[in-house]
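# Chains, contacts and geometry: an overview
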Amino acid sequence: RGRRALLSLHPLAFLASPSSAAPPLAHMGCCADLFRCSSLSLLLISALFYTLLGAGIVTLGVLALTLPWAKIIVPDWYAGVTIGVGALILFVALFGYLAFCRKKNKCSISIYMLFCLLLCCTTVASTVVLFRYSDALHLAKESKFVNVTDWQREASESLKEGVEEIWEECGASVYNSDSVTYTDEFQVDADTPPYELRCTNSDFDDVAESINDQCLEAAFNDENFDEDNTDFLECYTSSSWWAPEARSSTLGKLNTPKGVFCACYEEFADFVDAYFFVGKWVSFGFAVFFGLTFLGCCYLCCCSKPAAPARTSQQEYAQQPYAQHGQQPPPQQKGATILRP
């Protein structure tokens, strides 16, 4: 004992002291704590997101059942399904909160993990589809929507449905510079640009103004008439995805949904592609988020261990002499009094 006391007085004695050596698994413990904290954070954020999403969907469904104009557009069964989906998402969010508050409950984490996996797969699939649609729309625009096939045809069909719906709801007609339009009874052959789109439904006046300002009034001008007219006729006469109506004059062709589309196909494609651009990257971000949340749930369910209980001051005090001499304290029975040696 006296020799140990003398050695302890040496200036470099701390190098030989077992208590000074860092535990070999200290760094692994820090990483485990970091992973656990990150997983719990993702779990809580995703649960909050599901709560907001579910509440928003339920609100939209209720509005669809109560607002007069919405009841005309949205069927009752569709609004009911919307409310059901929103309620299901809120129910799953409840499991997320339970998994966060009761971290030892593997059942809640497992159910929440499966739902995150389902959402991750869904968003990955939607991201792939949106990227394919965006690329197909670019290719269709470069080909002037002539002889489109496969994915280009699918993207073009979505544009066709939108233009036809706007044309019908607007009650559209195209007039020439003499304020004359084309009718079946009075077939005007006076192609005198610029042309102007007008709507009988005043709710679509902004849409008509936008089409006129962005493309229709500038189409078929004197400087680029040959090029504009050639591109227009090539698009209009192509029947690979949209059959044209038989009209002899340019004014007659413009008084059809496809005629307006072919005169402004670049603007229509750019308008839709702007939404595709936002949608595909937002979908990609959600896919990454849901994937990380799923991995976090897997870690909490399968790999994470509950944190060890903190030592009491009495236990710390009792273990000091053993740590100084590199010894292990004797095992103590539950409820036994710990005496310092």
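What you are looking at is a predicted structure, and each value in this text was computed from that prediction instead of being measured. (Residues numbered from 1 in each chain as written. Predicted model: local features only at pLDDT ≥ 70, side-chain atom pairs only at ≥ 80, totals over all residues. Heavy atoms only, no water.)

### Notes on the overall build of the chain
- Within the chain one finds 13 helices and two strands.
- By residue count, 32% of the 341 residues in the chain fall in the buried class. (Helix = DSSP H or I, 4+ residues; strand = E, 2+ residues; numbered from the N terminus. Buried < 20%, exposed > 50% of the residue type's maximum accessible area, 1.4 Å probe, protein only.)

### Some points on a nonpolar patch on the surface
- Residues Phe277, Val278, Trp281, Val282, Phe284, Phe286, Val288, Leu292 and Leu295 make up a contiguous nonpolar surface patch of about 830 Å² in total accessible area.
- Residue position: Leu292 is located in helix α12 (residues 265–303).
- For Leu292, a relative accessible area of 43% puts it in the partly exposed group. (Patch = residues over 30% accessible without salt bridge, like charges linked within 9 Å, V, L, I, M, F, W, Y side chains within 5 Å. Areas by Shrake-Rupley, 256 points an atom, 1.4 Å probe, with all protein chains shown as cover. Salt bridge = Lys/Arg side-chain N within 4 Å of Asp/Glu carboxyl O.)

### Quick word on the pattern of salt bridges
- Tallying each qualifying case throughout the model produces six salt bridges.
- Measuring nitrogen to oxygen at the nearest pair gives 2.8 Å for the salt bridge that ties Lys144 to Asp231. Pair noted here: Lys144 is in the loop between α6 (106–142) and α7 (150–170) and Asp231 is in helix α9 (residues 225–237), with a separation of 87 residues, a long-range link.
- Looking at Asp231, the relative accessible area reads 15%, which means it is buried.
- For Arg247, the salt bridge goes to Glu245, with nearest N and O atoms at 3.3 Å.
- Assessed through its relative accessible area of 40%, Glu245 is described here as partly exposed.
- Overlapping salt bridges, with partners in common, bring together Lys144, Asp231 and Glu234 in one network.

### Regarding the state of the cysteines
- Summed over all chains, the structure comprises three disulfides.
- Between Cys235 and Cys262 runs a disulfide, and the two sulfur atoms are separated by 2.3 Å. Its S-S torsion of approximately -70 degrees makes the covalent link between Cys235 and Cys262 left-handed. Residue Cys235 is found in helix α9, and its partner Cys262 is found in helix α11 (residues 257–263); the two are separated by 27 residues along the sequence.
- A residue is classified by how much of its surface remains accessible, and Cys235, at 1% relative accessible area, is buried.
- Sequential numbering of the bridged cysteines in the chain gives the disulfide pattern 1-2, 3-6, 4-5.
- Unpaired in terms of disulfides, Cys121 finds its nearest cysteine sulfur in Cys120, a separation of 5.6 Å.
- For Cys121, a relative accessible area of 45% puts it in the partly exposed group. (Disulfide = S-S within 2.5 Å.)

### Focus: the nonpolar core
- If you look at the biggest cluster of nonpolar residues, it comprises 39 residues, and the most contacted ones within it are Phe145, Val174, Leu216 and Phe261.
- If we ignore the near neighbours within four places in the chain, the residues touching Val174 are Trp167, Val180, Thr181, Tyr182, Tyr195, Glu196, Leu197, Leu216, Leu251, Leu254, Asn255 and Val260. (Core = buried A, V, L, I, M, F, W, Y, C linked by side-chain atoms within 4.5 Å. Contact = heavy atoms within 4.5 Å.)

### Focus on the pairing of strand β1 (residues 172–175)
- Because side chains alternate across β1, one face comprises the buried residues Ala172 and Val174, and the other comprises Ser173 and Tyr175, none of which is buried.
- Bridging between β1 and strand β2 (residues 196–199) involves four bridges; their strand directions are antiparallel. Across the sheet, Val174 pairs through a bridge with Leu197, a residue of β2. (Pairing = 2+ DSSP bridges.)

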